[in-house]
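Notes for the structure review
Chain by chain, the residues run as shown.
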Amino acid sequence: SYDRERSLDVMKSGSVGPAGAAALIVVLGLQAVGFGDLVACPLAAVLLVCLSRAVLALTCIRGVPAADGDGLRAPFAECVPASLAIAYWLGIAVLGAVALGALDLPWRHVLAGFGIATLVIALVLRRATSRLGGVTGDLFGAGIELMLAALLITL
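Everything numeric here is computed off the predicted structure, so don't read it as measured data.

Cut-offs used in this document
Residues numbered from 1 in each chain as written. Predicted model: local features only at pLDDT ≥ 70, side-chain atom pairs only at ≥ 80, totals over all residues. Heavy atoms only, no water. Helix = DSSP H or I, 4+ residues; strand = E, 2+ residues; numbered from the N terminus. Rg over C-alpha atoms; globule rule 2.2 N^0.38 Å. Buried < 20%, exposed > 50% of the residue type's maximum accessible area, 1.4 Å probe, protein only. Contact = heavy atoms within 4.5 Å. Areas by Shrake-Rupley, 256 points an atom, 1.4 Å probe, with all protein chains shown as cover. Axes fitted to C-alpha atoms, helices over the stretch in contact; angles between N-to-C directions. Parallel < 35°, antiparallel > 145°, perpendicular 65-115°, else oblique. Nonpolar A, V, L, I, M, F, W, Y, C, P; charged D, E, K, R; others polar. Core = buried A, V, L, I, M, F, W, Y, C linked by side-chain atoms within 4.5 Å. Patch = residues over 30% accessible without salt bridge, like charges linked within 9 Å, V, L, I, M, F, W, Y side chains within 5 Å. Salt bridge = Lys/Arg side-chain N within 4 Å of Asp/Glu carboxyl O.

Helix and strand counts for the protein stand at 8 helices and 0 strands. In the protein, the succession of helices and strands from N to C terminus is α-α-α-α-α-α-α-α. On C-alpha atoms alone, the protein measures out to a radius of gyration of 16 Å, which is about the 15 Å that the 2.2 N^0.38 rule sets for 155 residues. Over its C-alpha atoms, taken along the principal directions, the protein stretches across nearly 50 × 35 × 20 Å. In the protein, which comprises 155 residues, the share counted as buried stands at 35%. In the protein, of all internal contacts separated by at least 6 residues, the share reaching a separation of at least 24 is 73%. Accessible surface, the protein as shown: approximately 8400 Å² in total, 69% of it carbon and sulfur.

Printed below as a string of structure tokens:
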């Protein structure tokens, strides 16, 4: 409900409002359920945490500007060419599927997780661009957590 400048100030301050707290609880709850199912294979949990960082290639893709202000967004926004981001994204998805297959886990599920994450991140980037004028460091972190939730739930 805030205007653009107020929203960016809230993100910079680190305070969390009711909507942010609710979103945090939902995402962390999804992750907790997903991690609970991987107790028997902790290596898979570590792998998924590492794979979730691949989303940064999409959040830093050229064509998605940084929101006004300084911070983490300024040096990293628009630093990854689209062709490289797509190649990296697909390569990491395949690498993750191969690694999960080696652990005797359903490797197709990681591909589904990447597909779901692609849709979610595209929607988040679209909203951030229209609402805030671009990406922020908070959005980079949110992307990682949403990606991890998507991977954990699909696996």
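With that settled, consider the side chain of Gln31. In this structure, Gln31 sits in helix H2 (residues 18-36). Assessed through its relative accessible area of 6%, Gln31 is described here as buried. In this structure Gln31 touches Glu145, Leu148, Ala149 and Leu152, once residues within four positions along its chain are discounted.

Direction vectors running N to C along helix H3 (residues 42-52) and helix H6 (residues 82-102) enclose 180°, while the axes themselves pass 11 Å from each other. Taken together, the axis directions place H3 and H6 in an arrangement best described as roughly antiparallel. Of the residues in H6, those in contact with Ala44, Leu47, Leu48 and Leu51 of H3 are Ile92, Gly96, Ala99 and Leu100. By residue class, the composition of the contact of H3 with H6 is 7 nonpolar, 1 polar and no charged.

One finds Leu48, Trp89, Val110 and Phe114 to be the most contacted residues of the largest nonpolar core, which totals 36 residues. Where this core is concerned, the elements lending two or more residues are H3, helix H4 (56-59), H6, helix H7 (107-132) and helix H8 (137-154). If you tally residues by element for this core, the top one is H8, at 8 residues. Those residues in contact with Trp89 that sit more than four places away from it in its chain are Ala54, Val55, Leu58, Phe114, Ala117, Thr118 and Met147.

What follows deals with a nonpolar patch on the surface. Among the surface-exposed residues, Val26, Leu30, Val33 and Ile153 lie close enough to one another that they form a single nonpolar patch of about 340 Å² accessible area. Ranked by the residues each element gives to the nonpolar patch, the list is headed by H2, at 3 residues. Here Leu30 lies in helix H2. Residue classification places Leu30 among the partly exposed residues on the basis of a relative accessible area of 37%.

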